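Given next are the chains, with one letter for each unit.
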Amino acid sequence: IHISKLCVDLINSVPDGGATPQIVVGLLMEAMNKDRKNPVIVSGHRDSVSTTNTTSKKPGDIIEKINDTAELIYEVTTKKFSDDRLIESHEAVMDYDPDLKDVFVICRPQDVPETLSSRGTSYIMATTQYRELAYYFINIYDYIQSAILFLTPEGRKFFYKELVLICGAWINLSKTKREKARSRLRISS
């Protein structure tokens, strides 16, 4: 429960343009699969979030490759999932694999498009069909809490260690950027 609260606080306090929720969700997927010794490959969550689906040609923020033929596509966001984003996502997914049928949007309640009616449940907040793709809007807070709850103590330990490593790398990266900015200021003075 404490790790869950830490993740929620990170997402709310330091969204970092979407990088924080993307890495938290991806690391949780890694931990769940490792914990159960599933041969599932999780990718995309460690990539830069500064590109769009259109420029990156990625079908989603995270892809779970379950076997040689099955993949799950996830969009992870802390920004409103607008009609433009839905269209952009649809195009990227269809370009990637026209046989895919589902996209899971893991987001906060306020990021669900206002035009979609709530299902009245907290985990699946809304669904919509756009052409041949079904979009499922999953509550990121409930997703995190349930994923952590169903990890073994060893799985939680793995997740926590990976999260600490990533946060440490971000802190060092930020420190390096600050130092470079300071030295540029000194040079130009």
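Keep in mind the model is a prediction, meaning the values are calculated, not measured. (Residues numbered from 1 in each chain as written. Predicted model: local features only at pLDDT ≥ 70, side-chain atom pairs only at ≥ 80, totals over all residues. Heavy atoms only, no water.)

Colleague: So what's going on with the pattern of salt bridges? Residues and values would help.
Modeller: Pairing between side chains of opposite charge can happen when the charged atoms of each approach one another. In this structure the tally under the stated criterion is 6 salt bridges. The closest approach of N and O atoms between lysine 5 and aspartate 9, which form a salt bridge, is 2.9 Å. Highlighted residues: lysine 5 and aspartate 9, both in helix H1 (residues 2-13), separated by 4 residues, approximately one helical turn. Put simply, glutamate 71 and lysine 65 hold a salt bridge, and the shortest N to O gap is 3.8 Å. In this structure glutamate 71 comes out as buried when scored by relative accessible area, which is 17%. (Salt bridge = Lys/Arg side-chain N within 4 Å of Asp/Glu carboxyl O. Helix = DSSP H or I, 4+ residues; strand = E, 2+ residues; numbered from the N terminus. Buried < 20%, exposed > 50% of the residue type's maximum accessible area, 1.4 Å probe, protein only.)

Colleague: Can you lay out the packing of H1 against helix H2 (residues 19-35) for me, pointing to particular residues and giving the numbers?
Modeller: Packed helices, taken two at a time, are described by the angle their axes make and the gap between the axes. At their nearest, the axes of H1 and H2 sit 8 Å apart, and the two run at 155 degrees to each other. Taken as axis vectors, H1 and H2 run roughly antiparallel relative to one another. Between H1, through Cys7, Leu10 and Ile11, and H2, the contact on the second element is made entirely by Thr20, Pro21 and Val24. Taken together, the residues of the contact of H1 with H2 break down into 5 nonpolar, 1 polar and no charged. (Axes fitted to C-alpha atoms, helices over the stretch in contact; angles between N-to-C directions. Parallel < 35°, antiparallel > 145°, perpendicular 65-115°, else oblique. Contact = heavy atoms within 4.5 Å. Nonpolar A, V, L, I, M, F, W, Y, C, P; charged D, E, K, R; others polar.)

Colleague: Tell me about unusual backbone geometry, and name the residues and values.
Modeller: The backbone of lysine 37 sits at a positive phi, close to 55 degrees, despite the residue not being glycine. Note on placement: lysine 37 falls in the loop between H2 and strand S1 (41-43). Judged by relative accessible area, which is 75%, lysine 37 ranks as exposed. Its identity as a non-glycine residue notwithstanding, arginine 131 has a phi of 55 degrees, on the positive side. Looking at the element boundaries, arginine 131 is found in the loop between strand S5 (124-130) and strand S6 (133-139).

Colleague: Describe the sheet that holds strand S3 (residues 71-77), with residues and values.
Modeller: On the basis of which strands lie adjacent, the open sheet formed by 6 strands has the order S1-S2-S3-S4-S6-S5 and mixed pairing. The outermost strands of the open sheet, each flanked by one partner alone, are S1 and S5. Strand-to-strand twist in this sheet, taken as the mean axis angle between neighbours without regard to direction, amounts to 20 degrees. Sheet contacts for helix H4 (residues 83-96): strand S2 (62-65), S3, strand S4 (102-107), S5 and S6; angle to S3, the most-contacted strand, approximately 155 degrees. Docked against the sheet, helix H5 (residues 140-149) engages S3, S4 and S6, running at close to 70 degrees with respect to S6. (Pairing = 2+ DSSP bridges.)

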